[in-house]
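Observations on the model geometry
Residue-level listing of the chains:
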Amino acid sequence: MDLEAVRTFVAVVEAGQFQKAAADLSVTQQAVSKRIAALERDLGVRLFTRVPRGAEPTIDGQAFLPHARELLRVAERAVASVRTGHRPLRVDVIASRAAPSGLMRGFHHAHPEIDLDVVMLFDVDTAIAAIRSGTVDATFRAVAAPGRPLPEDIESVRVLDEPLQLLTGPAHALAGARSVTLAQLAGHRIWMPGIVPGTEWAAYYDDLVAEFGLTIEATGPNFGSDALLDTIADTPALATFMSEHTRLVWPAGHGLRRIPVTGPTPVYPHSLLWHRDNRHPALATLRGHLASAAAGHAAAGTWRPDWVLPR
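The text that follows walks through the structure, step by step, so that each part is easy to find. (Residues numbered from 1 in each chain as written. Predicted model: local features only at pLDDT ≥ 70, side-chain atom pairs only at ≥ 80, totals over all residues. Heavy atoms only, no water.)

1. A look at the side chain of Asp161
Filter applied, for reference: Helix and strand labels come from DSSP, where a helix needs a run of H or I of at least four residues and a strand needs a run of E of at least two; each type is numbered from the N terminus. For this analysis, a polar contact is any N or O atom pair within 3.5 Å, provided that within protein one partner can donate a hydrogen and the other can accept it, and provided that sequence-adjacent residues contribute only side-chain to side-chain pairs.
The residue Asp161 is located in strand β6 (residues 154–168) in this model. Reaching out from Asp161, the side chain makes a polar contact with the side chain of Arg158 at a distance of 2.7 Å.

This is the structure in structure tokens:
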């Protein structure tokens, strides 16, 4: 059904005349007549009767009128939903407890007037496909994995280098340390269930293991962070890596320790990725907010894999 014909029908009903409706729509009276005739053919009914003062809707026209108005309202809402600046900014944060989620909470606090949709996608390939299809406007990632550069139409900028910490139970051999070096971690079992081969975070930890001779075990099912904390608290032989900004709460009886890692400090590099043709105005606001909030990258005494390049 031609929406312009529907709009013309409503205009004639409200004006009471074809000539006045034509003036209101800035078209000729002949164009109005042709649109109404085409709409009547589509519907198979007469919509107007001629009267001395102009035109009045028939019984069928009166029945069609509320539906015609609703059609126009739906069309206006559909256009508004995709008009630049009128739909929410959609951003992938990977996980609700991770640093990107905290960055977006800070952005929302600074810009409460901007509507947001926050989603959690699994891996970098899925996230990039969502950016390219327009499903999301941006994603937080570690840029890419070795040998898998970003597509040319995807832009990125480093926004946070997040230090890793060692998480241990109270009986672990390193539980009393104020800090530990990467060299001290050699020979200790670091348990990280849920590392999936082929993901950017798996590539990050593979490089960390290769560089410093660490032992990272990804064995067993991943039952989530609560089960991980329970196991670390109860198993003196196990520790795990936890990002500094990861939000965790555990029972007081667990006695868990979060210990800074130094010499050098391994940092997980978070970048914001987006499509170069994305013109959502809130995306530019987000990038400006992250740029003003970002700390220095690649500071002295930190380690990050060579394949994570600043953009």
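That was the structure; now back to the text.
2. A word on unusual backbone geometry
Backbone torsion omega between Gly263 and Pro264 reads -10°, so that peptide bond is classified as cis. Along the polypeptide, Pro264 turns up in the loop between β11 (257–262) and β12 (265–275). Of note, the phi angle at Ser26 is positive, near 60°, even though the residue is not glycine. Examined against the element boundaries, Ser26 turns out to sit in the loop between α2 (18–25) and α3 (29–43). One non-glycine residue, Ile94, adopts positive backbone phi at about 70°.

3. Structural notes on a nonpolar patch on the surface
Worth spelling out the cut-off: Each patch is built from salt-bridge-free residues with over 30% relative accessible area, joining like charges within 9 Å and nonpolar side chains (Val, Leu, Ile, Met, Phe, Trp, Tyr) within 5 Å. Note that accessible areas follow from Shrake-Rupley with a 1.4 Å probe, and for residues the cover is restricted to the protein chains shown. In what follows, salt bridge is the name for a side-chain nitrogen of Lys or Arg lying within 4 Å of a carboxyl oxygen of Asp or Glu. Only protein chains enter the accessibility calculation, which uses a 1.4 Å probe. A residue is then buried if its area is under 20% of the maximum for its type, exposed if over 50%, and partly exposed in between.
Where nonpolar side chains cluster on the molecular surface, the patch consists of Met1, Leu3 and Leu71 and spans about 270 Å² of accessible area. Here Leu3 shows up in helix α1 (residues 3–15). Given a relative accessible area of 35%, Leu3 falls into the partly exposed group.

4. Focus on the pairing of strand β4 (residues 116–119)
Basically, it comes down to this: Pairing between two strands requires that DSSP report at least two bridges joining them. When the strands point away from the viewer, a crossover counts as right-handed if the route from the first strand across the helix to the second turns clockwise.
Judged from the 4 bridges that link them, strand β3 (residues 89–92) and β4 form a sheet pairing that is parallel. For Val91, the partnering residue across the bridge sits in β4 and is Val118. A crossover links β3 with its parallel partner β4, the connecting element being helix α5 (residues 99–110), and its sense is right-handed.

5. What about α3?
The condition is simple: By this rule the span expected of a helix is its residue count minus one, scaled by 1.5 Å. Arc definition: it is the arc formed by the directions from the helix axis to the C-beta atoms.
For α3, built from 15 residues, the straight-helix expectation of 21 Å at 1.5 Å per residue is met to within 8% by its first-to-last C-alpha distance of 21 Å. The set of residues buried in α3 consists of Val32, Ile36 and Leu39. Along the axis of α3, the buried residues cluster in a sector spanning 60°; they form a single face. Summarising the geometry of α3, the exposed residues directed more than 90 degrees from the buried face are Gln30, Lys34 and Arg41.

6. Overview of the packing of α1 against α2
Keep this limit in mind: Fitted lines through C-alpha atoms serve as axes, helices being fitted only where they are in contact, and the angles separating the N-to-C directions of these axes extend from 0 to 180 degrees. Note on angle classes: values under 35 degrees are labelled roughly parallel, values over 145 roughly antiparallel, values of 65 to 115 roughly perpendicular, and the remainder oblique. Handedness of each helix crossing follows the sense of rotation of the near helix against the far helix: counterclockwise by less than a right angle gives left-handed, clockwise gives right-handed. Here, two residues are considered to be in contact whenever any of their heavy atoms come within 4.5 Å of each other. Side-chain classes are defined by residue name, with Ala, Val, Leu, Ile, Met, Phe, Trp, Tyr, Cys and Pro counting as nonpolar, Asp, Glu, Lys and Arg as charged, and the others, Gly among them, as polar.
α2 packs onto α1 with a crossing angle of 120° between their chain directions and a minimal axis gap of 8 Å. Taken together, the axes of α1 and α2 are oblique relative to one another. Crossing handedness for the pair α1 and α2: right-handed. Seen from α1, the contacting residues are Thr8, Ala11, Val12 and Ala15; seen from α2, they are Phe18, Lys20, Ala21, Asp24 and Leu25. Considering only residue class, the contact of α1 with α2 consists of 6 nonpolar, 1 polar and 2 charged.

7. Regarding the pattern of salt bridges
Under the defined criterion, the tally for this structure stands at 14 salt bridges. Between Lys20 and Asp24 there is a salt bridge, with the nearest N and O atoms lying 3.4 Å from each other. One end of the pair is Lys20 and the other is Asp24, both in helix α2 and 4 residues apart, which spans about a single turn. The class for Lys20 is partly exposed, based on a relative accessible area of 41%. Since its relative accessible area comes to 48%, Asp24 is described here as partly exposed. Among the ionic pairs, Glu70 bridges to Arg73, the shortest N-O distance being 2.9 Å. Separated by 3 residues within a single helix, Glu70 and Arg73 lie in helix α4 (residues 59–82), roughly one turn from each other. For Glu70, a relative accessible area of 32% puts it in the partly exposed group. What you see here is one network of salt bridges that share partners, running through Glu4, Arg7 and Arg35.

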